[in-house]
Amino acid sequence: MRSFKLIERYKSTQVHALTPPDANPSTTTTTTSCAATGKVNHHSKWLKLSQTISASAAEPLLPCGLPKTELIEPPIDPHLKSVNHVETLASLYRRFRTCSKFDKLLICLEQYSLLRSLGDPKLLRRCLWTARQNVADVPSKVVLSAWLRYERREDELLGSTSMECGGHILECPKAAMVPRYDSNSFYDHCQCRLGTVDGSDKQIIVGDDGCSTSNEDNDVSFCIGDEEINCVRNRIAVLSGPFETMLYGSFIESNRVKIDFSENGISVEGMRAVEVFSRTRRIDSFNPEIVLELLSFANRFCCEEMKSACDAYLASLVCNIGDALILIDYGLEETASLLVAACLQVLLRELPSSLYNLKVVKIFCSIEAKERLAMVGHASFLLYYFLSQVAMEENMVSKTTVMLLERLRECATEKWQKALALHQLGCVRLERKEYEDAECCFEAAIEVGHVYSVAGLARAKYKQGHQYSSYDLMTSLISDYKSVGWMYQERSLYCNGRMKIFDLNTATQLDPMLSYPYKYRAVALMEEKQIRASITEIDKIIGFKVSPDCLELRAWFFIALEDYPSALRDIRALLALEPNYMMFHWKVSADHLVELLSRRVQQWSQADCWMQLYDRWSCIDDIGSLAVIHQMLVNDPHKSLLRFRQSLLLLRLNCQKAAMRSLRLARNHSVSEHERLVYEGWISYDTGHHEEALSKAEESIALQRSFEAFFLKAYVLADTSLNPESSAYVIQLLEEALKCPSDGLRKGQALNNLGSIYVDCGKLDLAADCYMNALDIKHTRAHQGLARVCHLKNQKKAAYNEMTKLIDKARNNASAYEKRSEYCDREMAMNDLSMATRLDPLRTYPYRYRAAVLMDDQKETEAVEELTRALAFKPDLQMLHLRAAFYESMSDFVSAIQDCEAALCLDPNHTDTLDLYKRARDQAATHQQQK
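These figures come from a predicted structure and were not determined experimentally.

This next bit is on the nonpolar core. Judged by nonpolar contacts, the single largest core of 239 residues is most densely connected at Phe222, Phe261, Phe297, Met306, Leu348, Phe364 and Leu593. With ten residues, helix H17 (residues 381-394) is the single largest residue contributor to this core. When sequence neighbours within four positions are dropped, the list of residues in contact with methionine 306 reads Leu239, Val274, Phe277, Leu294, Phe297 and Ala298. Membership of the second largest hydrophobic core comes to 46 residues, among which are Phe710, Ile757, Tyr771 and Leu775.

See below:
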């Protein structure tokens, strides 16, 4: 189903501004000549225009020449990496099960920091949800609720405010301000939108008479200048210990009716407010200036109840960043923890934009700022972890990022925290070309046990000219630990010739997700004038892992071949992923290159674009479809329908960060309420809030019946629970969707989904009709559904032929090979699955199938090794569960238990794994007793 996966980009060099090129010499000469002679050239405007056009046409497409191998290198990933993912995940699960509720937050954060290297935002979001669920203190709740909001990027939604509640208790800003454990469910809704503001019918008036609601006689007066404030002695005395001692102890004030308070730093209005509070215990009738004065007074005289009331009241007034910047200084000065929390909450929920405010930076970044926050209990590792991650995403080489990481390091107490802070600081120093400082950071991270920092240390040494030292470091690491792909990738930087190619090939075998080996081999082929071979090499990774840098490199190759349409396609697709991308070593904006290339290719009208989109969509050319939509958006940038289509393609390519950005833009550009609700529903669905998505779909349908609203509702229901009753309802919804106006692209998808539901209900003929209708409007993926129908009708050859048609038509066909393997004999299935793995090594089913075949053939060791090879670069729940079952059948209960624990760390509610885990533990205990 549709999923949300956030893909991080830490390379800060993409945020730097482009330096404008030098002025055209001929234009400069003409302008200077006119100015020198003092004559006005009436044709100068047209001359300049002519020169500009001529200069643009002659502008080179490759200002930096061809790519070179020495100019590319992989980044050091700025997060924790384990040498053995399975062992680390299993340990985290064991610790989480047995630790106290107080310690669960830190384990969730550790899990989050390790899972970042896997790049699955669903897992990361679950870590943050679980952490938020297991904290009761306000400072932690404030940070985590803001972090969850940031992960949803709600700051990009027009019309939303930072303090607006999204309806979920774990993200609600009001719930975060209450010191308690909140919910047992990630999806529970809060009631703050339905609540009313507490008030009182009785208004307390502070005037000269000091009106009283009490019948008690005033028996003491506090004099401030010429004014007297009449009070009840025992009421004032109970405010604090110092007042009780002053009014009833051995001080002379205990015998006086009038007490001079002129030198105690409180105004007449402030003292009247003290008197009112002593009787009513309320401060909500006072203006904020008086409450601030009361807060200061309460601090001086240890009036804890009054301080708490002022703290809470002032915290309730903080609504925007302006309020926060004004009140946070008062809160820090008077150690008002709740007020500081309210201010921090606004600042954090305004991220990332608030980091560009110098006043905000001042609050967080300096040592003195951290110490002030610590005085009120807010300077935590959690706070600075969140801030530093946001800063690194915004600009990895900024001074703000460095200072926040320094504060993170100072807050670190546990080994993993120190390793994380030091490693990330080392990565930032490395990017800033501060190589000696980076070396020190990486060395310190290694000392606290982070093995991956050895790669950072080797890189820092290499940058200082110590190539052999770097090579020795990596060689030693490879000999000391079980080999991992990144080890060989890093060592390849420090050798040449055959040794380099060997290391790069080994890195790809161990971890095909690493892009640098493909890029290096492609550029090396380019240097040998084998451009077609270069494109073939880079195609290998683009086929299963689309990234801007690989698309840029392929566009570079196409330009060298003068294949401008293909180059333009890749750059347009690249811009869909990263709109502000800078190409050719950050010297040319991708937008500008599109402009230059567009002059060299045939131009399409909007109608032509729709035809091209149909053709590319039908042959499952996702990159080509993205490029067409990008061109259409240039002509109509506010077309929400196109933004939505763009998001669907990006999700299909597993570029979920870019997909969610497109979806938010679709929502922002909606021209109607019902359309906006549909896009908000998809946003909710993709971030795990299915009930909210259903509610949005129903609201949209109530406003106007539309294809997209019915389709959204059917999609969510089908993904949530599908029993015979709900299946019938989903069928009804999809039929209603098909009655509404839409284009063939979307109706093909609806027919395909409807066919799938009919198959699940056993209505094969109806399903076949749906698939045939979908194929009639060029929905090529319907071949797969039709193959399934044929298979269920025992028409195995027909099923195989349908999948062959899909393979022949589809540009991206790894999944088609995988599916076709189900409709042929074992030998042919193994061939298809080998092809699927070659095209997309991240697909897990081929590994599981091959392992199962080996297990059936009594080749237990080989079966386990097949799964182990894939788990080394892609810890996957299904593969871990299968390997655990293999280990159980081999009576290796310790290994089975470890795999179960690692799987449950990824999904603690996976029923089959929980059953296997219990069974393996019971068998292990029995086996131990028998010994």
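With that settled, the discussion passes to the pairing of strand S2 (residues 227-231). Where strand S1 (residues 220-224) meets S2, five bridges bridge the pair, whose relative direction is antiparallel. Paired with serine 221 across the two strands is asparagine 230, which belongs to S2. Taking the residues between adjacent antiparallel strands as the criterion, S1 and S2 are bridged by two residues, where glycine 225 takes a positive phi near 65 degrees.

Under the criterion given, the structure shown has 54 salt bridges. Salt-bridge contacts for lysine 258 lead to glutamate 228; the nearest nitrogen and oxygen are separated by 2.8 Å. Placement of the pair is lysine 258 in strand S3 (residues 258-260) and glutamate 228 in strand S2, with a sequence separation of 30 residues. For lysine 258, a relative accessible area of 47% translates into the label partly exposed.

For the protein chain, per-residue confidence averages 88 on the pLDDT scale, and 90% of positions sit at 70 or higher. Across residues 1-58 the pLDDT falls below 50, and counting only partners more than four positions away or on other chains, this stretch makes 90 contacts in the model.

A word on the packing of helix H18 (residues 399-411) against helix H19 (residues 415-431). Here H18 crosses H19 at 160 degrees, and the two axes come no closer than 8 Å. The angle between H18 and H19 falls in the class roughly antiparallel. Viewed along their axes, H18 and H19 form a crossing whose handedness is left-handed. Residues Thr401, Val402, Leu405, Glu406, Leu408, Arg409 and Cys411 of H18 form the contact with H19, whose participating residues are Gln417, Ala421, Leu422, Gln424, Leu425, Val428 and Arg429.

Another aspect to go through is the sheet that holds S1. What holds strands together in a sheet is hydrogen bonding between their backbones, with the strands either parallel or antiparallel. As summarised here, the arrangement of the three strands in space is S2-S1-S3, forming an open sheet in which the pairing is mixed. The two strands at the open ends of the sheet, each matched to only one other strand, are S2 and S3. Between one strand axis and the next, the sheet turns by 30 degrees as a mean value, whatever way the strands run. One ladder, built from three bridges, connects S1 with S3; its direction is parallel.

This part is about the side chain of lysine 307. Note on placement: lysine 307 falls in helix H12 (residues 304-317). Here lysine 307 sits buried without a salt bridge, and the closest side chain of opposite charge, glutamate 304, lies 5.2 Å off (N-O distance). A distance of 3.3 Å separates a polar side-chain atom of lysine 307 from the backbone oxygen of glutamate 334. Excluding its chain neighbours within four sequence positions, the residues that come into contact with lysine 307 are Leu295, Ala298, Asn299, Glu334 and Thr335.

What counts and how
- Residues numbered from 1 in each chain as written.
- Predicted model: local features only at pLDDT ≥ 70, side-chain atom pairs only at ≥ 80, totals over all residues.
- Heavy atoms only, no water.
- Core = buried A, V, L, I, M, F, W, Y, C linked by side-chain atoms within 4.5 Å.
- Buried < 20%, exposed > 50% of the residue type's maximum accessible area, 1.4 Å probe, protein only.
- Helix = DSSP H or I, 4+ residues; strand = E, 2+ residues; numbered from the N terminus.
- Contact = heavy atoms within 4.5 Å.
- Pairing = 2+ DSSP bridges.
- Salt bridge = Lys/Arg side-chain N within 4 Å of Asp/Glu carboxyl O.
- pLDDT = per-residue confidence, 0-100.
- Axes fitted to C-alpha atoms, helices over the stretch in contact; angles between N-to-C directions.
- Parallel < 35°, antiparallel > 145°, perpendicular 65-115°, else oblique.
- Left-handed = near helix turned anticlockwise from the far one by under 90°.
- Lys, Arg positive; Asp, Glu negative; His and termini not counted.
- Polar contact = N/O pair within 3.5 Å; in protein donor to acceptor, adjacent residues only side chain to side chain.

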